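# Structural characterization, general
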Amino acid sequence: MAQVKVLNMAGEAVGEIKLNDAIFGIEPNEYAVQAVVKNYLANQRQGTQSAKDRGEVRGGGRKPFRQKGTGRHRQGSSTDPSQIGGGVVFAPKPRSYRYSLPKKLKRLALKSALSAKVADKELIVVDELKFEEPKTKEMIKVLKNINAEKKALIVMDEKDINVVKSASNIPGVRTALVSTMNVYEIVNHYSLVLTKAAAERIEEVYA
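This write-up is about the structure you can find in this document. (Residues numbered from 1 in each chain as written. Predicted model: local features only at pLDDT ≥ 70, side-chain atom pairs only at ≥ 80, totals over all residues. Heavy atoms only, no water.)

Right, let's talk about the overall build of the protein chain for a bit. For the protein chain, the helix and strand inventory stands at seven helices and six strands. When the helices and strands of the protein chain are placed in sequence order, the string is β-β-α-α-α-β-α-β-α-β-α-β-α. Taking 2.2 N^0.38 as the reference for a compact globule, 207 residues should give roughly 17 Å; the C-alpha atoms of the protein chain span a radius of gyration of 27 Å, well beyond that estimate. Burial analysis of the protein chain (207 residues in total) assigns 39% to the buried set. When contacts within the protein chain are restricted to residue pairs at least 6 apart in sequence, those whose partners lie at least 24 apart make up 68%. For the protein chain, the exposed area adds up to about 13,000 Å²; of that, 48% sits on carbon and sulfur atoms. Between the mean site of the 35 positive side-chain charges and the mean site of the 23 negative ones, the protein chain shows a separation of 18 Å. (Helix = DSSP H or I, 4+ residues; strand = E, 2+ residues; numbered from the N terminus. Rg over C-alpha atoms; globule rule 2.2 N^0.38 Å. Buried < 20%, exposed > 50% of the residue type's maximum accessible area, 1.4 Å probe, protein only. Contact = heavy atoms within 4.5 Å. Areas by Shrake-Rupley, 256 points an atom, 1.4 Å probe, with all protein chains shown as cover. Lys, Arg positive; Asp, Glu negative; His and termini not counted. Charge placed at Lys NZ, Arg CZ, Asp CG, Glu CD.)

Set out below in structure tokens:
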């Protein structure tokens, strides 16, 4: 089992935690991660784009100019896609881009993302994150102490509104719960910050 230092909010090592190799120590499967990230981004698409095809453009009832003698190509309708103001060929229409993936694949991708963070030494475990009131400056100070100043994803076992509000105004920093974290957020941030309780909760859920 991999051992990771547990830091306090001052950045001091206060112990170690053993991480389950079945979750944090597997060989990352790049295909699974890529497939799940692609699925996540597709499911975020609104699919509201729309354009008119030649049958929906107003007009076209009269031949725009005579057949011969103009020096231009023959044209029977002003709604033709080749005309200015005409319809669009294969016009996009509102549609859903959502699709689902097997649960086993999504679970493998999550374990792969977590294992990659451990292998790259981008996983940081803190004993706890507690603020008496929302303070952005305090959160910035904590992230600096634990060397997570770049884009960081903070994962907690249960929601703490003071932590969420303290991190909400910091560019590149996001918060999540064990139940809501996803592969895209993990790979899209340089540092993955877990509270000790969150790390234990992850092992309970995904072991």
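Looking now at the environment of tyrosine 206. Within the secondary structure layout, tyrosine 206 lies in helix H7 (residues 196-206). By relative accessible area, which is 15% here, tyrosine 206 ends up buried. Along the primary structure tyrosine 206 and proline 92 are separated by 114 residues, whereas in three dimensions their C-alpha atoms are 41 Å apart. With residues up to four places along the chain from it excluded, the contact list for tyrosine 206 reads Ile23, Arg107, Leu110, Lys111, Val178 and Met181.

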